[in-house]
Structures are given as C-alpha cells and as structure tokens.
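# Analysis of the macromolecular model
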Amino acid sequence: MEHEELFEKYLTNQLSDEEAMELKRLLDESDDASQEFIAYAQEWCLMANVSKQLRLGQVEIAAVGEVLPGAGHGAPLPAVASRRSRVLKFSIPLVAVAAIAVLAVGLPVLLESGLDADIKGVYEIAEGGGIRRGATVVTRQQAAELNLGGYCQVRIEPRTRVQIRGRETNEEVFLESGELSCNVDRRGGGFQVETEVATVSVTGTRFTLRVDRQPFGEGARLFVEVAEGTVTVNREGRFLTLGAGQSRVLVKYVEEPDPWPLPKPELAQAIKGDQFGVEDMEACNDLHVHGDTVYYVSDSFIRYFRTEPRTGWLVLAGEKSYLAKDTSFARAIAFLDGRMYCVAIRERRKRYVDSALVWYDIDPKSGEPVERGTVECPPSEQILVGPDQKTLYLHDRGVASVALYKVAADGRPRKVDEIAGVGLDAAWGQTGSGLRMSSDGRHCYTVRSYRSKPDGRIVWLERGVGGTLTFKNSVPLSSVVGEETAFRHASLWLHPGGNYAYISLVKAVGHGEVLMYALTRDPESGALSVLAEQDASGLDGVNDLVFEPDGKCGYAVHGDNRLAWFACNPDSGQLTFGDNVSDVREDARRLALDARNGRLYVGAFWGDADGKNLSVFRVFKTGRKASEDTE
Amino acid sequence: MDEAARKERRDRIVKQAFQYRDALLTHAFVMLRDWTKAEDVVQDAFLVVMEKWEDFQEDTSVYAWVRQIVHFKAKEMHRRQAREVPVEQDQLLATISKAVEDHLDTEMAEHQRVLRKALEHCMGKLDKKVLELFVGFYWRSQSCEALSAVHNRSPNAIRLILSRRRKQLRDCVDQRLGTAGTL
C-alpha cells in the first residue's frame, strides 16, 4: 500500500489492525517515512484549518497572534471577549485575558434582544430574522455551534430544532427534537435545557441530550448522558441527579382513550413467494418495519415491501440478493439514523467461516437499501440499537458475546468493546432468547437454558458510559419456578414501560410443561424478582412477542402455528390472554408491529402451506391505529 | 523584576506560544485524530502557558515547552479513551507519538507558519463548492462516500476533485514560496 494511503487511513481512523501494524513497521524502520508522515500530517492540518477558516470567514487565533502586544494589560474584559466561543469554557486569569480579547476581534457576533450569542455552521431560524431570544434554530444535514452568554457552548447536531430562551447569566434553551451536546462554564452562570419530557439544569458540566418524538403511545423520549460534572433532571417536580458517566432515558406517554375491548387481529393478506415471481419467501430470520417499508430477512435475501396506496395491499418493492457465493445467511437487521445494518454469517459445510456487518443507506422514497460498506464482525444473530442512536450491539448466542459498535457520521460502524461469557450463551436457535434492552436504556437482559441440565439463568448487564455493557447479576431459573429442572425453551421479554419482564419456559422433561412468569424490574439496579405466575395458555413456547408502544396489549407467535393476542395492565403488570388466531399454519417465527398503521406482520419458518413446503408472510390488521388514538 | 517587565515577559511568551498553534494542533491531532479533542488539548495547553509562564526557562524554546504540555495532555486524553482502542492501534500510537516528538520540531513548526500564509492565499482562490469539499473532508472528517451523497457526485469523482485540487494547491504554494515545499 502507498505510504500516503496508509497515512490518510490513519488520520481518518480507517486503518484495519493489519494496516496499523504495517504503518507501525514503516515508521519504526524508516526515519524518512516518519518525516514524510509528519509533513503529510502538517499539510492535512493546514488544509483542515485554513479551509474551515475561509469557509466560516473567521480570523483564527493563530492567524492574528501577531497583534498581541497591542493589548492593554489587565484592562477590563471588553464585552466582545465574552462571546468568543471556545476559549471561555476555561477559567482564564484576568491578567492574561486581554490577549484573548484582541484575538477575538473579527469573529461574527450577533446582538439582538439583549442576547449575547454567536452561532456558526449551517442553520435556519424558523421564524426568520436573526438570532434572538424566542428564535428557533433548525439544523438540517449539518451541525451548528451556538455560544450563549459566553459560557454555554451548545453543539446543535444535525436534524435538530431548538429554541433560545432564558436571560443573561441564566441561559436556557428548549429542545424540541434532535440532539444537543453542551459544555458549560460554571463561572458564567446557570444553564438549563427544557424538553417536553423533563428539564435538565446544570451548573458546570459537559453533557448530551437527545429528544426523539415517537409516533404512537410515547409522546417523546429523552436521552441524557453526562460526560463531566452533574446535571439535575426535573420531571414534573421529581428531581433526579445524574453524575459523570451516567445516562438515563425518560419517556413521556401521551394520554390515550381506554383501549378496551381489545380488537382481535384479522388476517389481511398472506404472501407467498410465487405471487411476486419468487420461488419462496424463505424462512424468516428477521422482520422490521422502517418508515413505510417492511423488510423481510431470510437466508439469501432481504426483501422489502410497501403498501400499494390504491388497494392497501402489501407488494414486493424489491429485494437484495445477499451473498451469492459460498453458503451465506443474512441473520438480522437494525435501523439507525436512516441506515440499515445487516449481520450476515458465512458457513461452509455447516461450519462458520466468517461474518460481516453490512450497512446500507435507505432511499427515503422507495425504501430501497443501497449498500455502502462492510466490516468484519463477530458472528451474530441479533442487532440492537442503543438509546443514544449512535451505538449498535451485536449479540451472538453461539459464542456468548455482545460486541459494541459505534457508528460514525458517515455510517461506518467501529467495534469499540465486547463482553463475553457471563451467561450470554443461551441455546442457539431459540428465537425468543435474544438480548433485550430496557426502555430506559440502562440494562440488557437475556435468559439461557439447557435441555440437559438445570442450570438455566436470567442474566442482566448494565449499560455504562459510551454504551459499554458490564455484567451486573444473574438469577437461576430454579429460584423463579421453585424447582431444579431443565428447560428446552426459555424466552424473556420486557414491558415497554420498563417495570416488568415476562419469562416463558418449556420444561425439558415429560410432555414439556409450559410456564409463564411476570417479574418486576427495579429500574435502578436492574434486578428482576418474581411477581406472579401467569396463565400460560396462549402464551406458551413463544417464538416472538411484541407489545403495542403503550404497553396495554401485545401479540405473540408460537412454534405450534398460532398467533396469540393479550392484554396487559401497565399498573400491575398482569397479562390477560385474549385469544388465538388460527390463520397461521406455519411455524410462526418473527413479528413486526407497525403501530402507526395498525398492521402486524408475521414471518414464518418452514410450513406446509397449501400442500407445499413453503414459508408464508402474513399481514394482520390489529384494529388499533395511532392516528385514531393520538393527535 | 518590576510589574511592567513581568507583563512584558508574559506577553512575549504567550505570543510566541500562540504563533505555533498550527504545529501544536497538528501534534495533538496526529495523536488523537479528532479535531474537537485536539482543539481542547491545545486550548488547555495555552491556559497552562498563561498560568505557568513564569516556569518557562528563557534559554529554551517556547515551542518545545508548549509542545511538551500538548504531548502530555494528548496522552492523558488518549488514556481516557484507551478502553475503546484495539491493541494494534495502541501500539501504533506509541510509534506515532515518537515520530511527532522526533520530527515535528521548532524548524518544522516555523515552516508550517510559512506554509499557512501561502496556503491561505492559494486556498482563497478556490470556488465555494470546492472549499466545501475541503471543509467536509479535512475538517469534518467526512468520507468521500458521505461527501458524494451531499454533493451529488460519485465517491470516485469526489476523490478525483480533491486529488486534483490538492495538487493545484501544492503547485500554487510552491510558486509563492519559490520552493518545492511539502504543499
């Protein structure tokens, strides 16, 4: 590889481990190469700094450094100095400040409505005009940097709406949606961020906030992560203090009419491959709804479907034939920031060869995934998206690990951590035994079971700063059911409200007695404790289960060809079995809920549909529609 | 030393330190590969200079002094994020760290100041769209793939534009300096 290519990859964080060693060897062995590298880096940095300076029309510190001696020593700090964005996040002795004051001359400064602020980057003011109190700053594709009062540095991430409020020395913004990263100098004054969910106050710290508006049930979801110092979160008069390294998800639910009586799901459509000129739908490995598109993942294809507006029927919009050579399997997908991530496993003669994490841009109009890149990854059967919307968790039950990937602005995932063992090795192939993340984003849970020994356990992990997972604790299944026995199937599900978990167990002995338990969850410690044994009829041997976003009802599919629906009391955690829908004739395997449109999708494993050994993809109407219940 | 002399000395040291900001940023960026962190490190170092200017020994180089502060702070920041770095990358950083210490010396830092002046002139001639590309690629650390989506061009076209314009800039800077410099 050419030297410059290696240097560029290093500076852009794109070196593979092998390339890192190659660059190390090169620099260790050749002084000329070292010099070449430094010269290249100098050029790189000048390109970056000078282009930025020209783009923003700014005079940078280095460019005007020569004018320093003209500054009056110890003179009172001119007002303009307090508007310099980055320097004032530090404590600067007054005697030295005069120098900085002069350096700041020439920076864009806006003064309106008593607001001491400057803003850089690409943004719009929703109401028109300039920056002022009451103005709403909107970013699209790019971020903007807002400096308030000279002591609050607020990075407004792309696709964010934030309104400027507050007053001098007590700055405040209202985050409507999107993400802010804040850096506040405690000596400057107070600062708080209001959101629909809660108000976050600080006196000196660095933290990140993200508000996602939810389409149904949840009105808004707030994610707070503190990097330094502390913040106080005020939610309707209840205060919560978060310190460095802590994060929290808070959810606001919208008021809804009483959902009872629960409507029964009705079969709307059964899709067989031959309807769209494909041989077979293939067994469903994963199923997701993203926007107006449904993605059906099977071993060889990712097929995507869209609703035909005139008839309301779901039609095949396209397919991505994944990995033609070797024997390769697309296992799971997840969506993050308008992109799709897919884990694929390559096997030969039933032996694992390697696996890859592939990412795609999603065409917002057609839903088509357009492949953008691939990185190697541990073999995984499941992908979870972190609550910060910047991290992915790849869970592999085979080798009992969870790998943490951080996603860069260009969509490239980078592995930053991995946790292995500690009971993550639930039996391979049990679709219900995946990793579950609590709705507050603080804990992950899984359950493992063995057919041959009574060593099943529920394991939970804590999600720390940067999204890293650490083992927290585990409880044996024997303490849940009150006897030492082996289970051939164990599944665990979390209620979207965050206070309850449900575990479905099938005994390995005899006829396979089925048990179902509700457990309470302590949001602080993540600990689960048995609440009550549930009526397992209809909720036994569950392959997949989804709750409606409000947590008041849900659906489950079984290995014995049934789709069940049930009610849930969000206050007590009690589940009430509704009924079975017998229209599923295959081994129903995966569920995906489109709450906004009142659709439930069921992907099947092999079945004997119409006398053929085919997989069928079914669409149900749930009878519950977001547009009918919410604004 | 009377107060006026102290102030004069302090200003001289601080001014000299600021003059090397580009080289110091390069030092920090090469170690951290993140502009936000590199800027934080350099600003931290300037604050140390402003607070500890009396510790500077007159018969030594201001750049060398500040560079040590930057180096120390960059390593400190790297340690904080070390958990996220694979072993191979960590070993590489030790080599990189030595390379910047060995080669990004006062002479190179001075050279970088001269280059900046020339580059400001040459880059000022770029049209707005090309300047956006440079800002995206070098400053925002966006890949050619990401830029291709924004600018509605293929990633290869973006690479080609950057490569050609980079060469033009190098030629322009050479011409201004009358040398065959790095740029």
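Below you will find a few notes about this structure. (Residues numbered from 1 in each chain as written. Chains lettered and ligands numbered in written order. Predicted model: local features only at pLDDT ≥ 70, side-chain atom pairs only at ≥ 80, totals over all residues. Heavy atoms only, no water.)

## Points about the side chain of serine 438 of chain A
Residues and elements named next belong to chain A. Let me state the cut-off plainly: Where helices and strands are cited, they refer to DSSP runs of H or I of at least four residues and of E of at least two residues respectively, numbered from the N terminus. Here a polar contact is taken to be a pair of N or O atoms separated by no more than 3.5 Å, where protein atoms must pair a possible hydrogen donor with a possible acceptor and residues adjacent in sequence count only if both atoms sit in side chains. Note on contacts: a residue pair qualifies if any of its non-hydrogen atoms lie within 4.5 Å across the two residues.
With respect to the helices and strands, the residue serine 438 is situated in the loop between β29 (436-437) and β30 (443-448). A distance of 2.6 Å separates a polar atom in the side chain of serine 438 from a polar atom in the side chain of aspartate 440. For serine 438, the residues in contact, after removing those within four places along its chain, are His443, Tyr445, Leu494 and Arg521.

## Quick word on the sheet that holds strand β36 (residues 528-533) of chain A
Residue and element names in this part refer to chain A. For clarity, the threshold we go by: Pairing between two strands is assigned when DSSP locates at least 2 bridges connecting them. For helices, the axis comes from a line fit to the C-alpha atoms of the stretch in contact; other axes are also lines fit to C-alpha atoms, and the angle between any two N-to-C directions lies between 0 and 180 degrees.
Here we have 4 strands laid out as an open sheet, ordered β33-β34-β35-β36, and antiparallel in their pairing. In the strand order of this sheet, the two ends are held by β33 (487-494) and β36, each with one partner. Averaged over all adjacent pairs, the angle separating strand axes in this sheet is 30°, with direction ignored. Examined bridge by bridge, strand β34 (residues 500-507) and strand β35 (residues 514-521) share 7 bridges and lie antiparallel to one another. Counterpart to tyrosine 500 in the pairing with β35 is threonine 520.

## Side note on the nonpolar core
This is how the line gets drawn: We define a nonpolar core as any set of buried Ala, Val, Leu, Ile, Met, Phe, Trp, Tyr and Cys residues linked to one another through side-chain atoms lying within 4.5 Å. When a residue's accessible area, from a 1.4 Å probe over protein chains only, is under 20% of the maximum for its type it is buried; when over 50% it is exposed; and in between it is partly exposed.
In terms of nonpolar packing, the biggest core is built from 79 residues, with Tyr10 and Leu23 of chain A together with Trp35, Val66 and Phe134 of chain B touching the most fellow members. Ranked by the residues each element gives to this core, the list is headed by helix α3 (residues 31-56) of chain A, at 11 residues. Beyond its immediate chain neighbours, meaning those up to four positions away, valine 66 of chain B contacts Ala17, Leu24, Ala45 and Val49 of chain B. One finds Val154, Ile164, Leu175 and Cys182 of chain A within the second-largest nonpolar core, a separate group that totals 38 residues.

## Focus: the packing of helix α8 (residues 144-151) of chain B against helix α9 (residues 155-177) of chain B
Residue and element names in this part refer to chain B. Inclusion rule: Any angle from 65 to 115 degrees is called roughly perpendicular, while one under 35 is roughly parallel, one over 145 is roughly antiparallel, and all others are oblique. Any residue that is not Ala, Val, Leu, Ile, Met, Phe, Trp, Tyr, Cys, Pro, Asp, Glu, Lys or Arg is counted as polar, Gly included; the first ten are nonpolar and the last four charged.
With their axes 8 Å apart at the nearest point, α8 and α9 run at an angle of 100° to one another. By the angle between their directions, the pair α8 and α9 is classed as roughly perpendicular. Here Cys144, Glu145, Leu147, Ser148 and His151 of α8 come into contact with α9, specifically with Pro155, Ile158, Arg159 and Leu162. Residue composition of the contact of α8 with α9, by class: 5 nonpolar, 2 polar and 2 charged.

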